[in-house]
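This is what each chain is made of:
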Amino acid sequence: MSLLRTCVFLLPSSLALACAGNPSPVVEAPQCEPEPTIVVSDPTPSKPIVAIPPDTEFVKLRLFVVGAADSLDETLPEPIQRTDACARAGCDLLLSPVLLGRNHAEMEIEIGSKSDGVLFSMEARPRILDDTVELRLDAHFLVEDTHNRPQHLQFSGALTPGQITHVGTFYATDHRGHVMGPQVYAVVERATGS
């Protein structure tokens, strides 16, 4: 056999040996994803919680907005039922909001909306003085007979805790002159303190 023919004859064998020497790349099985980890966020609040000191004094304020009626509303407290305004013809409880506020802090409330025709808003500032609560009060009440103009009430004075006090009458001034509205009674309680 000639040398050339021997090389051609051995060529397929050498290629086969070369392939056997270099094994084909092994495809690895896909890695399993790790189990999902549930991360719980740090429960520590971003802002520190401020505790209200136990000696801070609070004032609970309740108003009784009382309108004229043909009969006497039995749900009204006894001192209000005995007043001249109610004893003569009768009266009805229109509104009785309750607020809790800190001594010297502004207390605000708004009930209803201008669109539904029933609106009551109030700002009050209580100040505890020994056995009394000095109260400044500014309130507005939308009454139907004043042509969508709210009647207002301002009061500044001292109230005895636990005692119902007449603090004024809602009124407005319109084309008919001075228009009187519902009566307002208030009772305050010291929620904490001595």
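Residues numbered from 1 in each chain as written. Predicted model: local features only at pLDDT ≥ 70, side-chain atom pairs only at ≥ 80, totals over all residues. Heavy atoms only, no water.

Novice: What exactly am I supposed to notice about the pairing of strand 9 (residues 177–190) here?
Specialist: Consecutive side chains of a regular strand alternate in pointing toward one face of the sheet and then the other. In terms of strand pairing, strand 1 (residues 58–68) meets strand 9 through eight bridges, oriented antiparallel. The residue bridging Leu61 from the neighbouring strand is Val188, located in strand 9. The pairing of strand 8 (residues 165–174) with strand 9 spans eight bridges and is antiparallel. From the neighbouring strand, Asp174 faces strand 9, where its bridge partner is Gly177. (Pairing = 2+ DSSP bridges. Helix = DSSP H or I, 4+ residues; strand = E, 2+ residues; numbered from the N terminus.)

Novice: What should I look at first to understand the pairing of strand 1 in this one?
Specialist: Here strand 1 lies mainly inside the structure; eight of its eleven residues are buried. Where strand 1 lies against strand 3 (residues 98–102), five bridges are found, and the strand directions are antiparallel. Counterpart to Lys60 in the pairing with strand 3 is Leu100. (Buried < 20%, exposed > 50% of the residue type's maximum accessible area, 1.4 Å probe, protein only.)

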